[in-house]
Amino acid sequence: MAYQVSIFLENKIGHLKQVTSVLKAADINIRSMHLNHTASGWGILNLVVSDPIKASRLLNDKGISTALRKIAALKMVDQPGGLDYLLGSIADAGVNFINAYGRVANDEKSAIFVLDIEDIPDAEMKLKQAGLEILSDHLVYGIKE
C-alpha cells in the first residue's frame, strides 16, 4: 500500500517553496499534490512522491512536520465518464474516503485516483472484492521497475 506525505502548512509566501526545495535537493519527484485551505491561514498539503519515507524524514529534519498516511491508488480509464464509473464502483463496494485527488498516468490511456481512507485494510479488501485494481507502489510513485 502506498503512502502520501501530509503536511500542515501555513499559508505564507515561500512556505510551499521550502517543501519543494528539500525534495529537490534530495532528488525526490513529486508525482501528485493536493493543497487545500483549512482555516485561519493554514492548509493541508498532501504529496505523493517518489520516496515518501525519505521525504518525510528529510522534511521533519528541516522542521517541517509531516505525517505518512497510507493511501489506495486506483487505476481509472482516462476518458469522459471514467471518474464517474470508478466512483460508482467505489460506492458499490461500500468504501468511504475522506480525501481524494487524481492524475493522468504516463501511458496516456489511464489515470490514477488516490483515496485517503480511514480504514485501509477493510477498504483494500472491499475494493479488491469489487474487482478494482489497486496500483503497486512502483506505479504510484512513478518508479521504473
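Residues numbered from 1 in each chain as written. Predicted model: local features only at pLDDT ≥ 70, side-chain atom pairs only at ≥ 80, totals over all residues. Heavy atoms only, no water.

So, about the packing of helix H1 (residues 15-25) against helix H2 (residues 52-61). Where H1 meets H2, the closest approach of the two axes is 10 Å, and the angle between their N-to-C directions is 125°. Here H1 is positioned oblique relative to H2, judged by the angle of their axes. In this structure, H1 crosses over H2, and the sense of that crossing is right-handed. Across the interface between the two elements, Val19, Val22 and Leu23 from H1 touch Ala55, Leu58 and Leu59 from H2. (Axes fitted to C-alpha atoms, helices over the stretch in contact; angles between N-to-C directions. Helix = DSSP H or I, 4+ residues; strand = E, 2+ residues; numbered from the N terminus. Parallel < 35°, antiparallel > 145°, perpendicular 65-115°, else oblique. Left-handed = near helix turned anticlockwise from the far one by under 90°. Contact = heavy atoms within 4.5 Å.)

We now examine the sheet that holds strand S6 (residues 110-116). Here six strands make up an open sheet; going across it, the order is S2-S3-S1-S4-S6-S5 and the pairing antiparallel. Only two strands of the sheet have a single partner each, and these edge strands are strand S2 (30-37) and strand S5 (99-104). Neighbouring strand axes in the sheet, compared pairwise and without regard to direction, differ in orientation by 30° on average. Bridge analysis of strand S1 (residues 2-10) against strand S3 (residues 42-49) gives six bridges, and the strand direction is antiparallel. Bridge pairing links Leu9 to Gly43 in S3. Strands in contact with H2 are S1, S3 and strand S4 (66-77); relative to S4, the strand with the most contacts, it is inclined by about 145°. (Pairing = 2+ DSSP bridges.)

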